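Remarks on the overall topology
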Amino acid sequence: MNFAHRRLGFFAVAILFIVVSIFVGNRDLSVGTDTMAYSYNFSSMYSRFVLKEYDVGFYYLSELIHFFTDDYRIYFSILFLIFNISIFLFSKKVIPSVDVATLFMLSGFLFISSWYENATLNTIRHGLSLPFSYLSLILFHEKNFLKSAICGAVATALHFSALMIFPFFVLMMIPFRFVFILFVLMSVAYVTGISNFIFKFISGVLSLSYYDDIQEYAPEVGRFFGFYVGFFLYSTFW
């Protein structure tokens, strides 16, 4: 493929996502469980009382966009574009050669992914944070510690749950056989509920609110509490 065709192909991919972002931004407020909340937070910037304490990066990103427009549809479109740009930046680290055909294939997989749909419509902060979390891990593995720290900070600023990737930095410094043994032991602890007890006990001893914060984070309090086979299999084989 010559340079002109490559440039035309990349331009076509860019146009594709710009068009899709317009549809995403103009979705009805009833589409997605969190769309209404995000639109309200942005339009009134009520988010200063909700998000600033934890997701400071997402809050200031919203403030920046709000400085130029108070239209939530443009807001959603911009967030969607940032989300996809971060995914493609991550893909360059894991795909040997990123060409037009690869980008179209990646786009196709994204469009049929339930995770991608959910990150686009509901868990927007999680979606924005996750590619930077993965980049941080990969850069750490490549011993590029400064860039890894920057990506980790960006991920945490977009959603504080990115702090949960910290144990994986430690695991990358341990031989694989020990990691596998640890995985088996932790799996048994999770299935039997021992890990839940230990986490609750440590949180209590250290007077930390992490256990209650996690359990009560979502409106569906207690809905996903304890052991779920589907979550375990998804996390194991993903």
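Please refer to the structure higher up on the page.
The sections below set out a description of the structure shown in this document. (Residues numbered from 1 in each chain as written. Predicted model: local features only at pLDDT ≥ 70, side-chain atom pairs only at ≥ 80, totals over all residues. Heavy atoms only, no water.)

1. Topic: the overall build of the protein chain
Looking only at helices and strands, one finds 13 helices and 0 strands in the protein chain. Listing each helix as α and each strand as β along the protein chain from the N terminus yields α-α-α-α-α-α-α-α-α-α-α-α-α. Looking at the protein chain as a whole, 31% of its 238 residues are labelled buried. Considering only intrachain contacts with a sequence separation of at least 6, the fraction spanning at least 24 residues in the protein chain is 67%. Accessible area for the protein chain stands at about 15,500 Å²; split by element, carbon and sulfur atoms hold 72% of it. (Helix = DSSP H or I, 4+ residues; strand = E, 2+ residues; numbered from the N terminus. Buried < 20%, exposed > 50% of the residue type's maximum accessible area, 1.4 Å probe, protein only. Contact = heavy atoms within 4.5 Å. Areas by Shrake-Rupley, 256 points an atom, 1.4 Å probe, with all protein chains shown as cover.)

2. What to know about the packing of helix α2 (residues 35–44) against helix α4 (residues 72–94)
Two numbers describe a pair of packed helices, the interaxial angle and the distance between the axes. At their nearest, the axes of α2 and α4 sit 9 Å apart, and the two run at 110° to each other. Put simply, α2 runs roughly perpendicular to α4. In this structure, the crossing between α2 and α4 has a hand that is right-handed. Between α2, through T35, Y38, S39, F42 and S43, and α4, the contact on the second element is made entirely by Y72, Y75 and F76. Its residues assigned to classes, the contact of α2 with α4 shows 5 nonpolar, 3 polar and no charged. (Axes fitted to C-alpha atoms, helices over the stretch in contact; angles between N-to-C directions. Parallel < 35°, antiparallel > 145°, perpendicular 65-115°, else oblique. Left-handed = near helix turned anticlockwise from the far one by under 90°. Nonpolar A, V, L, I, M, F, W, Y, C, P; charged D, E, K, R; others polar.)

3. Section: the packing of aromatic side chains
Here the structure, examined in full by the defined rule, presents 19 aromatic pairs. Ring geometry for F67 against F68: centres 5.2 Å apart, planes inclined by 90°, an arrangement best described as edge-to-face. Between Y72 and F76, the aromatic rings sit 6.0 Å apart at their centres with planes inclined by 75°, giving edge-to-face as the arrangement. Pair noted here: Y72 and F76 are both in helix α4, with a separation of 4 residues, about one helical turn. Exposure remark for Y72: the relative accessible area of 22% places this residue in the partly exposed category. An aromatic cluster of at least three residues, connected via ring pairs, comprises F17, F80, F83, F88, F111, W115 and Y116. One Lys or Arg, R73, reaches over the ring of Y72 and ends 5.8 Å from the middle of that ring. (Phe/Tyr/Trp six-rings, centres within 6.5 Å; stacked < 30°, edge-to-face > 60°. Lys NZ or Arg CZ within 6 Å of the ring centre and 35° of its normal.)

4. Things to note about the pattern of salt bridges
Evaluated as defined, the whole model comprises 2 salt bridges. Of the charged contacts, one joins R73 and D71 as a salt bridge, the two residues approaching to 3.0 Å between their closest N and O atoms. (Salt bridge = Lys/Arg side-chain N within 4 Å of Asp/Glu carboxyl O.)

5. Some thoughts on the packing of helix α3 (residues 56–68) against α4
Between α3 and α4, the shortest axis-to-axis distance is 11 Å and the interhelical angle comes to 125°. Taken together, the axes of α3 and α4 lie oblique to each other. Considering only the axes of α3 and α4, their crossing is right-handed. Where α3 abuts α4, its residues F58, L61, S62 and I65 lie against Y75, I78, L79 and I82.

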